[in-house]
Amino acid sequence: MKRFLITALTVTLAAVAISSAQGPSAPTYAIRGAKIVPVSGGEIASGNIVLRNGLIEAVGANAAIPNDAIVIDGTGLTVYPGLIDMGNASVIDSGAAPAAGGRGGAPAAPGQSREDTERAKRDRLLRADYMAAANLRLEGAELTRLASAGITSVLATPGGTIFRGQSALVNVIAPQDDPQISALADIRKTMTVVQSPVALHVNFQPGGGPYPASLMGAIAFVRQAFSDAAWQRQALAHYEKNVAVPRPVWDPALEGLFPAIDRRIPVAFDADEAREIARVLRLAKELNVNPIITGAREAADMAAELKAANAPVIYSLNYPVRPRTLPPDADESLAALRARADAPKAPAALAKAGVTFAFETGGLAQPRDFVRNAARAVKEGLPADAALRALTLDAAKIAGADRRLGSLDRGKIANVLVTEGDLFGEKMTIKHVFVDGHKVVLDAAPAPGAGRGGRGGARN
């Protein structure tokens, strides 16, 4: 009997622990009689979708609505998967990011030796072990604006130069705190993470000062880092098999390159110009890594090469604009005018070439312009279904999370966008947004001239 009681108590505690680890459950919602665009299949002219415990429980023309569901009348509304922004640093806690002078400290002090100065700069430039998933923030006006614009997930991308760190695909709003969870462990941040790591992010901005102070130096720095990381991995493997040898030098920053070297995650290279994209494709082949091209303003000129290399593109929807400081009667260069005219046309060229691509806000000041600028690409020849896939399922595929996100299928995370009007229509308005099955509270209406969507952001 005593053994039975102990066993029963153990099972009960385990059940409580498992239940707590799942976090606070979302209410059950049902959207009834709406047009449903699953993305993974054909549109449903009028159907129902049921969200329970943060997942899509049912979707279809005749999906049954549970008795305990909060029912939303979907007449005249359209349901889409939540949108995915594949490049955004606003979800990363800037206070947790390494300082400008090193991995966790201040700039090099005056009077330090050249070796110390170089070492401090190396720490700033080689942050391959920096994990976005471990440095997330959960609240803020930027995050609520993203949700209110229909963006339910973002690729959290670290800032910095050269080796910036490893990104994570995260939901933009965290669940409410649960006393059972907070009493045991602080896991609320991890509950926003959908996939981590997603990619190692690299650019070629040396940032001045001593080596590497030029583009050539930055490229050499990248090559050397990958070479050093390969050597370190071999040395550590040799040490594990041979005890009677000196311990090898171990650098955690180099270990951050191992997943890329093993091709377990891709390397996302910032490259805008065609010549930069060509250089990155050659370098990725040399290093034997899987490349992703981000920014990619002139990707249309390299569409065939990108397709041949099987390199996905994360295209920035932060289109170039005329500088506000420029007088109205001032002339601009032909190159600037051409870049502004061509920016919305590039996605159509990528789609035509069969290149897999997604979109990023790329520093857009207003999240509502994310959809607005995608709509401009549609006007310039990008098929609307391809644009929607780039905002949803193709983005999830690039992030390695398409089994969890990106379409309205049973069992996927309940990130859902409900609009009045077509997503890319001029008069589209956002009526409801769900993140992890929780309904985001939007403002009643945007300010005059504010465009699509609302501004709010709490959840219930």
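The structure displayed is predicted, hence computed values, not measured ones. (Residues numbered from 1 in each chain as written. Predicted model: local features only at pLDDT ≥ 70, side-chain atom pairs only at ≥ 80, totals over all residues. Heavy atoms only, no water.)

## A closer look at the pattern of salt bridges
A complete count under the given rule lists 17 salt bridges for this structure. In this structure, arginine 223 engages glutamate 286 in a salt bridge whose closest nitrogen and oxygen atoms are separated by 2.7 Å. Highlighted residues: arginine 223 in helix H5 (residues 215-241) and glutamate 286 in helix H8 (residues 274-287), separated in sequence by 63 residues. Taking relative accessible area as the criterion, arginine 223 reaches 38% and is therefore assigned partly exposed. Its salt-bridge partner being glutamate 273, residue arginine 275 comes within 2.8 Å of it at the nearest N-O pair. (Salt bridge = Lys/Arg side-chain N within 4 Å of Asp/Glu carboxyl O. Helix = DSSP H or I, 4+ residues; strand = E, 2+ residues; numbered from the N terminus. Buried < 20%, exposed > 50% of the residue type's maximum accessible area, 1.4 Å probe, protein only.)

## Re the sheet that holds strand S14 (residues 313-316)
By way of backbone hydrogen bonds, the strands of a sheet pair with one another, either parallel or antiparallel. Strand order in the open sheet formed by 6 strands is S8-S11-S12-S13-S14-S15, with mixed pairing between adjacent strands. The open sheet is flanked by strand S8 (163-166) and strand S15 (357-360), the only strands paired with a single partner. Taken over all neighbouring pairs, the strand axes of this sheet differ in orientation by 25° on average, direction set aside. Judged from the 4 bridges that link them, S14 and S15 form a sheet pairing that is parallel. Following the sheet pairing, isoleucine 314 is matched in S15 by alanine 358. Sitting on the sheet, H8 is in contact with strand S12 (267-271) and strand S13 (291-295), with an inclination near 155° to S12. (Pairing = 2+ DSSP bridges. Axes fitted to C-alpha atoms, helices over the stretch in contact; angles between N-to-C directions. Contact = heavy atoms within 4.5 Å.)

## Here we look at the sheet that holds strand S6 (residues 83-88)
Read from one edge to the other, the open sheet built from 4 strands follows the order S6-S7-S9-S10, with strand pairing classed as mixed. Each edge of the open sheet is held by one strand with a lone partner, namely S6 and strand S10 (193-195). Taking the axes of each pair of neighbouring strands and ignoring which way they run, one obtains an average angle of 30° across the sheet.

## Describing helix H11 (residues 346-353)
Turning to H11, its buried residues are Ala346, Pro347, Ala348 and Leu350. Tucked inside the fold, the buried residues of H11 contact helix H9 (303-308), S14, helix H10 (334-342), S15 and helix H12 (369-379). Just beyond H11, the residue with positive phi is glycine 354, at close to 80°.

## A few points about the confidence of the model for the protein
Parts of the model with low pLDDT should not have their predicted coordinates read in detail. The pLDDT averaged across the protein works out to 86; a share of 83% of its residues lies at or above 70. Considering only residues more than four positions removed or in separate chains, one finds that residues 1-21, a stretch of pLDDT under 50, has 4 contacts. Segment residues 98-106: pLDDT under 50, and 17 contacts once partners within four positions in sequence are set aside and those in other chains are kept. (pLDDT = per-residue confidence, 0-100.)

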